[in-house]
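Single-letter residue listing:
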Amino acid sequence: MPSEQAAVIGAGHTRFGALAEGPRALLRECVDLAVTSVDRGLERTEVDEAYLGTLGFNGWQIGNASAVLAEEARLVGAPVTRVENACASAGFALRAGIQAIESGQRSMVLVVGLEKMTDAASRRRRYWLGVSGDTEWERLAGLTFAGVYGLLASRHMHEYGTPPEALAEVAVKNHAHALKNPKAQFRKAIRREEVLAAPRVADPLGLLDCCPVTDGAAALLLTSVARARRYTDTPVRVVGSGAASDRLAVQERESLTSLAASRRAAAEAFRSSPWDRSALSFAEVHDCFTIAELIALEDLGLVPAGGAAAMTLAGETRVGGRLPVNPDGGLKAKGHPIGATGASQAYEVFLQLRGQAGERQIPGAARALTHNVGGSGASATVTLFEAG
Amino acid sequence: MATVRAAALVRGHGRGASGAGDLAPDEDAFTLLVEAAERVLRPEAPSEVTAPVSVSVWGALPPGALEELPLALGVTSVAPRLEAGGVATFAERLAEPQPAAQLLLAVEASGSAAAVALLTGPAGEESGVEISGADGPEVFEAPGKWDSPVRLAWTLLQPPPPDGSRAVSLPGARLVLRARRLGPFAGEESWTNPSASPEGNVPGAVPVGEPDLSTVSEGAYLPAATYRENLPSRWRLEAAHCRKCGKLSFPARSACSSCGSMQELEPFPLPLRGGIIEAVTTVRPGAQPSEFDFQVQRGGAYDVLLVRLHPEVRVTLQLTGSGAASARIGDRVDTVLRRLYPMEGAWRYGRKAVPSGRSPS
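Here the structure is a predicted model, which means the values were calculated and not measured.

Looking at the overall build of chain B
Here is step 1 of the chain: Each helix and strand in chain B was counted, giving seven helices and 17 strands.
Here is step 2 of the chain: Looking at the 361 residues of chain B, the share that counts as buried comes to 55%.
Here is step 3 of the chain: For chain B, restricting intrachain contacts to residue pairs at least 6 apart in sequence, the fraction spanning at least 24 positions comes to 66%.
Here is step 4 of the chain: Within the structure as shown, chain B displays about 14400 Å² of accessible surface, and the carbon and sulfur contribution to it stands at 53%.

Listed below in structure tokens is the structure:
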């Protein structure tokens, strides 16, 4: 058992979208917002370790990006480490931060996720969008991630009869949720017919089944539960943390309808948790494509395999439903700045479990899950949080 | 004198300015030659495979392709020879006594494109086509007709006329080749398919066009050394069989993917035909990796499949031709060597899928 339990005492989040700000300004903004969110204040000198989750999209500062965070967070001198696990970079940065606190080695850890994606020519962007899958056997057979998830979707439909309408409903729901998130990239309701009629990208996935290209950053401040009361009366405790890996190429995996890394990460997270899935108030899951949300619901054990479509079509995953999923709009509508997403999900949890989510507040939200996937499932994290 | 025991004729699968028979964007002389050779070296029944003691090639190949040929064909003990002299030396070779199995390959890809592969053996076989040569008069009855080994082979192996044999006189060579049908030969069906005839070739027809390879390298980077390391898996779908745990690993790597053993791996050729589609997507223009921009500009959308080749192995394969989501889960596919993408100024090759049982042309 860990010697300490970790808690989030502060969190900050930039707007998500095609932003004018560069990566340094985004880092500065999210860290400043996290520091000022600490109810009883925090001196930056108290931060004794930091982790930066980022892919380094477009080749921006591929080496030692951690030093840029040290500069912009005004932490020069403290150890800072860049963590890269593709779209799960910040999920794994958060995990590193949790472990630093739980081990008792560090007393205050800053976790940041960042990506700046819209500042490159489209050709260069298409290069970077596919660098986190298997290069030799998937990408160089002609696949980017849309194609990989298109393959998974075709198989899920074949094995479980998952209808296109269920995929579309994921997009419709997440867009509806994002309407109430002032930091979301898309604040525009869409109809199921629009999703189904959108131009195809990688069949059966169309344009509105895919998350957008996004700039943004998010930051979290972690300390021990024992120290948290010095800073706030309403910390958000980490009660479970799991992570796992899988083979890089989908062709080498056992299943085409399930991500083993998600299943393993969830099993580990729930092993140490005092409560099980039925106690969740809501979940933040990795919906880079609409099919990914359906697969996630099944892999996380929130519904039996093959049941996610019916659960979604019944409205159970909407805010107001039995188990709201992605109340912030998810990757689909809030946006998906690759390395920032894992921290952004925890930011939403921080707001919801403290009753600060404004218009999209889930009444009485007390327990939540975040689920962050790298690429097509080569890595995944699951983190469980509880209010107070 | 020689006996043709197996033969195959393959034409380009594109539809360009000269009609059927043009090269498709993912084809060139190398892929045509390999496709023809595979049809005679790896027929449906593995017992028919005969390892040739020599490989001779007529026609122009891309730079480096001749050296790559043994690896592509899995005949690594033989160094192929590029033969000069065109149709004359091809005819002389057919007329010579042949003590052992030879693989004769010829390709023409300057306009529309075709390749032939002939697996020959000593005279005295019971099946195949026996070819003999004799001095004869110079005959100019059809000038230009035998200007390529491909067309000569095509004519010789046609079903015989009622008198049972076929003769071709070569202008300038004082050589008459006679073909006598002993019985059916492997690959005969490619000679009875009218659309396979290379006689309809339009010399100098506009080929599909080539990209400027020096401008298409921005994309994922797979160094040539790494690409070459994996060619047996990439080109011949060679898996690794672990003698320790009995499992297959694909692609073959330095250790067994099941038990981690590095000592007891042996090459295991996966079937090149009859795979079953487990998942399918159509990659639409704009969703392709940038390495495939040239292909999409010429051919539009394409399908990518996950194909089960063996109970323990599935592989990601692009389907040849333009994608229209025409492939379905459960369909069977065969595999062929094709150009995949350009990198470091040269084309990289690998296997693609074609619908199973498609006629040769």
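From this point, the narrative continues.
Remarks on the environment of H13 of chain A
Residues and elements named next belong to chain A.
Here is step 1 of the chain: Residue position: H13 is located in strand β1 (residues 6-13).
Here is step 2 of the chain: Sequence separation between H13 and A34 is 21 residues; the distance between their C-alpha atoms is 7.6 Å.
Here is step 3 of the chain: Other than its neighbours up to four places away in sequence, H13 contacts C30, L33, K183, A217, A218, K334, S344 and Y347.
Here is step 4 of the chain: Here the side chain of H13 touches S344 through a polar contact of 2.8 Å, side chain to side chain.

So, the pairing of strand β5 (residues 102-108) of chain B
The side chains of a regular strand alternate between both faces of the sheet.
Residues and elements named next belong to chain B.
Here is step 1 of the chain: Within β5, seven of the seven residues are buried, leaving the element largely enclosed by the surrounding structure.
Here is step 2 of the chain: Taking every second residue as pointing to the same face, both faces of β5 are buried, with Q102, L104, A106 and E108 on one and L103, L105 and V107 on the other.
Here is step 3 of the chain: Relative to β5, strand β3 (residues 54-58) runs parallel, the two being bridged by five bridges. By the bridge assignment for β5, V55 is matched with L103.

Some remarks on the pattern of salt bridges
Residues and elements named next belong to chain A.
Here is step 1 of the chain: Summed over the entire model, instances satisfying the criterion amount to 47 salt bridges over all chains.
Here is step 2 of the chain: We note a salt bridge from R354 to D39, for which the minimum N-O separation is 3.3 Å. Placement of the pair is R354 in the loop between α13 (341-353) and β10 (367-374) and D39 in the loop between α1 (23-36) and β2 (49-53), with a sequence separation of 315 residues.
Here is step 3 of the chain: Assessed through its relative accessible area of 44%, D39 is described here as partly exposed.
Here is step 4 of the chain: The partner of E268 in a salt bridge is R95, with the nearest N and O atoms 4.0 Å apart. Placement of E268 in helix α9 (residues 260-272) and of R95 in helix α3 (residues 89-102) is noted, with a sequence separation of 173 residues between them.
Here is step 5 of the chain: Assessed through its relative accessible area of 18%, R95 is described here as buried.

Some details on the sheet that holds strand β10 (residues 238-242) of chain B
Residues and elements named next belong to chain B.
Here is step 1 of the chain: Taking strand neighbours across the sheet as the criterion, the three strands line up as β11-β10-β12 in an open arrangement whose pairing is antiparallel. Edge positions in the sheet fall to β11 (248-249) and β12 (265-269), since each has one partner strand and no second.
Here is step 2 of the chain: In the sheet, β10 pairs with β12 via five bridges, with the strands oriented antiparallel. Bridge pairing in β12 links A239 to F268.

So, the pairing of β1 of chain A
Residues and elements named next belong to chain A.
Here is step 1 of the chain: Buried residues dominate β1, accounting for eight of its eight residues.
Here is step 2 of the chain: Direction of pairing for β1 relative to strand β7 (residues 216-224): antiparallel, over a ladder of seven bridges. Looking across to β7, one finds that V8 is bridged to L222.
Here is step 3 of the chain: One ladder, built from two bridges, connects β1 with strand β8 (residues 236-245); its direction is antiparallel. The partner of V8 across the bridge, within β8, is V236.

Here's the deal with the domain arrangement of chain A
Think of interface size as the accessible area that goes away when the parts come together; that is how it is often given.
Residues and elements named next belong to chain A.
Here is step 1 of the chain: Partitioning chain A into structural domains gives domain 1 (6-121 + 214-236) and domain 2 (133-211 + 238-387).
Here is step 2 of the chain: For domain 1 versus domain 2, the distance between C-alpha centres works out to 22 Å.
Here is step 3 of the chain: With 45 residues of domain 1 at the interface, the matching set in domain 2 holds 38 residues.
Here is step 4 of the chain: Between domain 1 and domain 2, roughly 3000 Å² of surface is buried when both sides are summed, and carbon and sulfur atoms account for 66% of that area.
Here is step 5 of the chain: Of all residues in domain 1, F16, C87 and V236 give up the largest surface area on contact with domain 2, accounting jointly for 25% of the area buried on that side.
Here is step 6 of the chain: Here domain 1 is connected to domain 2 by two salt bridges.
Here is step 7 of the chain: Listing elements by their share of the side of domain 1 that touches domain 2, those giving two or more residues are β1, α3, β4 (108-115) and β7.
Here is step 8 of the chain: With eight residues, the top contributor of residues to the side of domain 1 that touches domain 2 is β1.

Thoughts on the interface of chain A and chain B
Here is step 1 of the chain: Facing the 32 residues of chain A at the interface are 41 residues of chain B.
Here is step 2 of the chain: Here chain A meets chain B over a buried area of about 3300 Å², counting both sides, of which 52% is carbon and sulfur.
Here is step 3 of the chain: Put simply, chain A and chain B have three salt bridges between them.
Here is step 4 of the chain: Notably, a salt bridge pairs R139 of chain A with E291 of chain B, separated by 2.7 Å at the nearest N-O pair.
Here is step 5 of the chain: Inspection of the region where chain A meets chain B yields 20 residue pairs in polar contact (both at pLDDT 80 or more).
Here is step 6 of the chain: Taken together, the elements giving at least two residues each to the side of chain A that touches chain B come down to α4 (122-128), α5 (145-160) and β5 (200-202) of chain A.
Here is step 7 of the chain: At six residues, the largest contribution of residues to the side of chain A that touches chain B is made by α5 of chain A.

A word on the domain arrangement of chain B
All names here are of chain B.
Here is step 1 of the chain: When its domains are assigned, chain B resolves into domain 1 (2-200) and domain 2 (272-355).
Here is step 2 of the chain: With 15 residues of domain 1 at the contact, the number on the domain 2 side is twelve residues.
Here is step 3 of the chain: Here domain 1 meets domain 2 over a buried area of about 1300 Å², counting both sides, of which 50% is carbon and sulfur.
Here is step 4 of the chain: Seen at the junction of domain 1 and domain 2, the total is six salt bridges.

With respect to the packing of aromatic side chains
Here is step 1 of the chain: Counted under the stated rule, the structure contains twelve aromatic pairs over all chains.
Here is step 2 of the chain: Considering the side-chain rings of F270 of chain A and W275 of chain A, the 6.5 Å spacing of their centres and the 75° angle between planes classify their relative orientation as edge-to-face.
Here is step 3 of the chain: Taking relative accessible area as the criterion, F270 of chain A reaches 9% and is therefore assigned buried.
Here is step 4 of the chain: By relative accessible area, which is 11% here, W275 of chain A ends up buried.
Here is step 5 of the chain: Aromatic ring contacts, followed pair by pair, group F57, Y127 and W128 of chain A into a single cluster.
Here is step 6 of the chain: The residue whose ring lies beneath R234 of chain B is W137 of chain A, and the NZ or CZ to ring-centre distance is 4.1 Å.
Here is step 7 of the chain: The ring of Y227 of chain B carries the charged tip of R348 of chain B above its face, separated from the ring centre by 4.5 Å.

The rules we used
- Residues numbered from 1 in each chain as written.
- Chains lettered and ligands numbered in written order.
- Predicted model: local features only at pLDDT ≥ 70, side-chain atom pairs only at ≥ 80, totals over all residues.
- Heavy atoms only, no water.
- Helix = DSSP H or I, 4+ residues; strand = E, 2+ residues; numbered from the N terminus.
- Buried < 20%, exposed > 50% of the residue type's maximum accessible area, 1.4 Å probe, protein only.
- Contact = heavy atoms within 4.5 Å.
- Areas by Shrake-Rupley, 256 points an atom, 1.4 Å probe, with all protein chains shown as cover.
- Polar contact = N/O pair within 3.5 Å; in protein donor to acceptor, adjacent residues only side chain to side chain.
- Pairing = 2+ DSSP bridges.
- Salt bridge = Lys/Arg side-chain N within 4 Å of Asp/Glu carboxyl O.
- Domains from an automatic or database assignment.
- Buried area = accessible area lost by both parts, 1.4 Å probe.
- Phe/Tyr/Trp six-rings, centres within 6.5 Å; stacked < 30°, edge-to-face > 60°.
- Lys NZ or Arg CZ within 6 Å of the ring centre and 35° of its normal.

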